[in-house]
Amino acid sequence: MFYFQLVIMAGTVLLAYYFEYTDTFPVHIQGFFCYDKTFSKPYPGPDDTSKIPPVLIYSLVTAIPTLTILVGELCAFFTKAEGTQEKTIVTADCCYFNPLLRRIIRFLGVYAFGLFTTTIFANAGQVVTGNQTPHFLSACRPNYTALGCQSTMQYITERRACTGNPLIVMSARKSFPSKDAALSVYSAVYTVMYVTLVFKTKGTRLTKPTISLTLLCLAMLVGVVRVAEYRNHWADVLAGFFTGGAIAVFLVTCVINNFQQLQPSLPPPRSQRPESMLGMPMVTLPCVESPLEKLRGDLRSPRSHDHQPYRFPATPDVLIPSRSISSEV
């Protein structure tokens with residue numbers, strides 16, 4: 001199972017790479033109305049010029065959960081009572097992991113898997129829908145005269161209607177859902193659930209709520225900036241929030257069992273012996289010679305002293321409680 005999980009993880013990373021950096025999955029081309037004010041917002045520039053650039057978002061969604069899980073696991077491991085600590089567990093029949101290292105790898109591995117899964121979901125939605133950003137017409141720069149636009153109700157489906165930079169136009173066709181909003185909320189929800197379920201803060205009840213609300217506010221701020229800079233619509237941001245939050249909740253509750261310690265499988269119960277069902281030890285009685293048969297043999301034989309006593313055939317031993325024997329003796 002360990003190697004199978006590595007294969008799944010590698011496949012997820014490759015799929016996210018093909019969605020993000022290649023043209024393997026072409027974007028659906030949607031048409032637009034002439035002079036549509038919904039898509040006529042000014043072009044805000046490339047994403048690198050944003051107040052919250054993608055590099056900053058990717059750094060935060062990687063660093064904050066990693067540091068939080070490392071600090072939480074170290075504190076929980078060294079403050080836990082010695083008798084309640086996990087023992088060394090064999091994993092995948094190939095290698096042994098320290099329980100601390102095992103939990104860290106487990107939680108961070110699931111988090112990384114969810115991070116790439118969220119990227120795939122967001123990119124897949126953008127490729128399939130092809131919804132335009134609020135600044136699409138500013139990036140497209142259509143020639144309305146050549147297209148014959150005479151009213152705002154005229155719908156343009158011409159694939160070569162745009163005269164702007166093809167890369168910028170293609171980026172402007174990827175609006176729904178917002179990938180930055182999905183990644184930020186996924187990271188925030190996963191970290192908040194870890195803080196809430198694992199951290200033990202005795203004597204202070206506001207520590208965990210403060211950390212949790214701060215992380216959620218940062219994630220919401222990413223979505224607000226995307227809308228304010230005309231890079232996404234509100235619907236795109238809300239869809240990204242839902243996608244990232246749903247993936248985080250699913251992984252925490254259904255995959256890693258709310259960050260709880262795995263219970264080792266108990267050995268199958270042994271079949272109980274018959275004597276243990278009575279609640280007392282049992283003893284075996286030897287075969288006893290019958291007095292009646294011995295007397296009958298003496299009467300028939302003239303020389304009783306040469307006669308060998310008749311014995312019953314060997315019968316299976318009878319199990320009776322030892323308490324009964326002691327009472328009769």
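Let me sum up the structure you'll find in this document. Being a predicted model, the structure only gives us computed values, none of them experimental.

Glancing now at the environment of Gly 223. Tracing the chain through its elements places Gly 223 in helix 8 (residues 207-228). It is 5.3 Å that separates the C-alpha atoms of Gly 223 and Ala 181, two residues lying 42 residues apart in sequence.

Core analysis: the largest hydrophobic core is formed by 34 residues, its most contacted members being Phe 107, Tyr 186, Tyr 190, Tyr 194, Ile 256 and Phe 259. Of all the secondary structure elements, the ones that give two or more residues to this core are helix 2 (54-79), helix 3 (99-129), helix 7 (179-198), helix 8 and helix 9 (234-255). If we ignore the near neighbours within four places in the chain, the residues touching Phe 259 are Arg 103, Phe 107, Tyr 190, Met 193, Tyr 194, Leu 197, Val 198 and Val 252. Counting 14 residues, the second-largest nonpolar core is a separate cluster that includes Phe 32, Phe 39, Cys 162 and Ala 172.

Structurally, Ile 168 is set in helix 6 (residues 166-172). By relative accessible area, which is 27% here, Ile 168 ends up partly exposed. For the pair formed by Ile 168 and Phe 136, sequence separation is 32 residues and the distance between their alpha carbons is 9.1 Å. Apart from the residues within four sequence positions on either side, Ile 168 is in contact with Tyr 43 and Ala 139.

With that out of the way, let us pick up the packing of aromatic side chains. Scanning all chains against the criterion turns up 15 aromatic pairs. Ring geometry for Tyr 17 and Tyr 18: centres 5.8 Å apart, planes at 70°, overall edge-to-face. Residue Tyr 18 is classed as partly exposed on the basis of its relative accessible area, which comes to 39%. Within the aromatic cluster, the residues linked to one another by ring pairs are Phe 107, Tyr 111, Tyr 186, Tyr 190, Tyr 194, Phe 199 and Phe 259.

A few words now on a nonpolar patch on the surface. Taken together, the side chains of Leu 14, Leu 15, Tyr 17, Tyr 18, Tyr 21 and Phe 25 present a nonpolar region at the surface, about 620 Å² in accessible area. The topology assignment puts Phe 25 in the loop between helix 1 (2-21) and strand 1 (32-33).

One can find Ser 175 in the loop between helix 6 and helix 7. Relative accessible area serves as the criterion here: at 0%, Ser 175 is assigned to the buried category. Along the primary structure Ser 175 and Phe 136 are separated by 39 residues, whereas in three dimensions their C-alpha atoms are 9.7 Å apart. Filtering out sequence-adjacent residues up to four positions away, Ser 175 remains in contact with Gln 126, Asn 131, Gln 132, Thr 133, Arg 231, Asn 232, His 233 and Asp 236.

Parameters and conventions
Residues numbered from 1 in each chain as written. Predicted model: local features only at pLDDT ≥ 70, side-chain atom pairs only at ≥ 80, totals over all residues. Heavy atoms only, no water. Helix = DSSP H or I, 4+ residues; strand = E, 2+ residues; numbered from the N terminus. Core = buried A, V, L, I, M, F, W, Y, C linked by side-chain atoms within 4.5 Å. Buried < 20%, exposed > 50% of the residue type's maximum accessible area, 1.4 Å probe, protein only. Contact = heavy atoms within 4.5 Å. Phe/Tyr/Trp six-rings, centres within 6.5 Å; stacked < 30°, edge-to-face > 60°. Patch = residues over 30% accessible without salt bridge, like charges linked within 9 Å, V, L, I, M, F, W, Y side chains within 5 Å. Areas by Shrake-Rupley, 256 points an atom, 1.4 Å probe, with all protein chains shown as cover. Salt bridge = Lys/Arg side-chain N within 4 Å of Asp/Glu carboxyl O.

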